[in-house]
Amino acid sequence: MEEAAARSTSGLTHNGRAAAQLEYPFEPPASDGSRVEIAPGIAWIRMPMPIPLDHINVYLLRDDDGWIVVDTGLHTDAAKAIWERVAAEQLEGLPIKAVLCTHFHYDHAGLAGWLVERFDVPLYMTFGEYYMMRMTYQPLPQQPGPAQARFLQRAGVPVETGHAMHEALLRDPFMPKEVPAFTRLHDGQVLHIGARRWRVVVGSGHSPEHACLYCEDEAILISGDQLLPGISSNVQVTPAEPEADPLQNWFDSLDRLATLAPHTLVLPSHQRVFRGVHARVQSLRDHHDGQLEQLTAFIARQPGCTTLEAMEALFRNLRSAMDRFLALGETIAHLSWLRFNGRVTRRLDAEGVYRFDLADAADVARSGGGAVEQTKNMGTRCG
Ligand SMILES: [Zn+2]
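Note that the structure is predicted; figures quoted are calculated from it, not measured. (Residues numbered from 1 in each chain as written. Predicted model: local features only at pLDDT ≥ 70, side-chain atom pairs only at ≥ 80, totals over all residues.)

(A) Focus on the overall build of the protein. In terms of helices and strands, the protein carries eleven helices and 15 strands. For the protein, with 383 residues in total, the buried portion stands at 47%. Once local pairs closer than 6 in sequence are excluded, the contacts in the protein between residues at least 24 apart make up 68%. (Helix = DSSP H or I, 4+ residues; strand = E, 2+ residues; numbered from the N terminus. Buried ≥ 20, exposed ≤ 12 C-beta atoms within 10 Å, placed from the backbone. Contact = placed C-beta atoms within 7 Å.)

(B) Examining the sheet that holds strand β11 (residues 220–224) more closely. Strand order in this open sheet of six strands is β8-β9-β10-β11-β12-β13, and the pairing throughout is mixed. Two strands in the sheet have a free side with no partner beyond their single neighbour: β8 (190–193) and β13 (274–275). Sheet topology places β11 next to strand β12 (residues 265–268); four bridges connect them, and they run parallel. Residue pairing in the sheet places Ile 220 in a bridge with Leu 265 of β12. (Pairing = 2+ DSSP bridges.)

(C) Structural view of the pairing of strand β5 (residues 96–100). With five of its five residues buried, β5 lies for the most part within the structure. Two strands pair when backbone bridges link them, and strand β4 (residues 66–70) and β5 are joined in this way by four bridges, in the parallel orientation. The residue of β5 that forms the bridge with Val 69 is Val 99. For the handedness criterion, the β-α-β arrangement of β4, helix α1 (residues 77–89) and β5 is classed as right-handed. In this sheet, strand β6 (residues 123–126) lies alongside β5 in parallel orientation, the contact comprising two bridges. From the neighbouring strand, Leu 100 faces β6, where its bridge partner is Tyr 124. (Right-handed = clockwise from strand over helix to strand, strands pointing away.)

(D) Main features of the packing of helix α7 (residues 246–257) against helix α8 (residues 277–301). Relative to each other, α7 and α8 sit at 160°, their axes nearing to 9 Å. One element, α7, and the other, α8, form an angle in the roughly antiparallel class. Relative to α8, the crossing made by α7 is left-handed. Side by side, α7 and α8 meet where Leu 247, Leu 254 and Leu 257 of the first sit next to Val 277, Val 281, Leu 284, Arg 285 and His 288 of the second. The class makeup of the residues in the contact of α7 with α8 is six nonpolar, one polar and one charged. (Axes fitted to C-alpha atoms, helices over the stretch in contact; angles between N-to-C directions. Parallel < 35°, antiparallel > 145°, perpendicular 65-115°, else oblique. Left-handed = near helix turned anticlockwise from the far one by under 90°. Nonpolar A, V, L, I, M, F, W, Y, C, P; charged D, E, K, R; others polar.)

(E) How the structure looks around the sheet that holds β4. Pairing in this open sheet of seven strands is mixed, and the strands run β1-β2-β3-β4-β5-β6-β7 from one edge to the other. Where the open sheet ends on each side, the last strands, each with one partner, are β1 (35–39) and β7 (183–185). Strand-to-strand twist across the sheet, computed as the mean angle between neighbouring axes with direction ignored, equals 30°. Here four bridges tie β1 to strand β2 (residues 42–48), and the two strands are oriented antiparallel to one another.

(F) Summary view of the confidence of the model for the protein. Taken over all residues, the pLDDT of the protein has a mean of 89, while the share at 70 or more is 89%. Low pLDDT, under 50, characterises residues 1–11; the predicted model gives this stretch 42 contacts beyond four residues in sequence or across chains. Below pLDDT 50 for its whole length, residues 367–383 participates in 38 contacts with residues either more than four positions away or in separate chains. (pLDDT = per-residue confidence, 0-100.)

(G) Main features of the packing of helix α9 (residues 307–314) against helix α10 (residues 321–340). Where α9 meets α10, the closest approach of the two axes is 9 Å, and the angle between their N-to-C directions is 105°. Relative to α10, the element α9 is oriented roughly perpendicular. When α9 is examined against α10, the residues Thr 307, Ala 310, Met 311 and Leu 314 are found in contact with a partner set consisting of Ala 327, Leu 328, Thr 331, Ile 332 and Leu 335.

(H) Seen up close, the nonpolar core. Residues Tyr 59, Val 69, Val 99, Ala 112 and Leu 123 are the most contacted members of the largest nonpolar core, which totals 68 residues. Those residues within four positions of Val 99 in sequence are excluded, and the remaining contacts are Val 69, Thr 72, Ala 112, Leu 115, Val 116, Val 121 and Leu 123. Listed in part, the 31 residues of the second largest apolar core include Leu 152, Val 237, Cys 305 and Ala 327. (Core = buried A, V, L, I, M, F, W, Y, C linked by C-beta atoms within 7 Å.)

(I) Seen up close, the pairing of β8. Both β8 and strand β9 (residues 196–203) contribute to a ladder of four bridges, which runs antiparallel. Of the residues in β9, the one forming a bridge with Val 190 is Arg 199. With antiparallel pairing between neighbouring strands as the criterion, β8 and β9 make up a hairpin whose turn holds two residues, including Gly 194 at a positive phi of roughly 60°.

Written out as C-alpha cells, the structure is:
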C-alpha cells in the first residue's frame, strides 16, 4: 500500500490470481452514493478511498423500520458527504437504524464513530474486532516501543529501517473517532433483518474475529475481506502477538467458506460481487501454498537466513516503508506456519536475530550455535 494509507491496517497488498471461473453478475455502482440493488432490501454502495485501492463496498440491509449499514468507509470528509447523500436519497424514507462492521480495519470501521453519533444508532461488532479497534485507534508513541523494537530486531531489520517503518505508521491520515460502546456479535448468531435470516460466520487470519454474514435461504454471503475476487487479503503477524499462527487461522476460515453452497452470491468489500466461492477459496489456497513453496526453496538455498532476507526473496517491488512492514508481517506468518508444521526450524543467534533452516538441516544448525526451538506446538497455534 502507499504511504498515504499509513496505518490503514487493511494491508491488501497483493493481487492474488483471480479465479478464472468467477462470474460477475452486476455492474458496480459509482463511488458517489448511487446504489445497485442486489436483491429486494439489499443495496450495494461504494465509498471512495484516496489510496491505490480506490474504493470499499458497503452494503445496506433493509429491516422493517430502517436500514442496517454493513461497513463504513474511511474516516474522510468525502465518505461522510456520501453517507449524508445516502441517508437523504437512498433509504426509501426510512432511517439508518444500526451500523455493523465486519472487522476493525480503517476502511471498514473508520466512520463507525461518526455514524453512530450522527444517526444515534448502535454499533454491532464481534468482541475481538471491537477491542482491536479500540487498541489500534489509539495514537502511537513517537518511538517504537520495546515489543515492536524486539519484533523488528528478531526479524533482522536494521534499526534505521525499523524507524522508517514506525514513521510510516505514525503518518496516519485517517485517525477515526472513538466508539465508546458496542453490541457483541458472535459466531453462529442469527440476525433477523426484514424477512431474511443472516448467520454470523466468524473467520480469522486477516483480522482476529472477522464477521461475515450468510443468508442460507438465498445463498448470499457478505464476505468482508475474508473472500475477495482478485485480492489476497494480508495475513500478518504483528508485534502485539509475535508467536501467532494467523495463516492456519486463515486456512481454517477458508475451509469453512468452502462448505457454503457452490452458487453462493458473494458480496465482498472490494472489487465486484461474484459467484464462484469454491474456485476462489481454492485459488487463495494455491496462492499461499505457492508462497510457502517459495520460502522453503529460499531457505534451502540460503540456510540460516533471516526473516528480512526471506521477505526480500518473497516480495519484489516493495515501494514504501509501509509496504515493507506489511510484507514483513506476512513473511513471518508464512515462516511461522512452516515452523509449526515441522518444516522449518528457528534459532536465535548471538545478535538476537532469528535464523531459519529447513527441518532436515536442524542438526547442522544446532552445531552452528544458538538453541533450536521445538517446532511443534510452540507459541499460540489455535484450532
Ligand atoms: Zn481488512
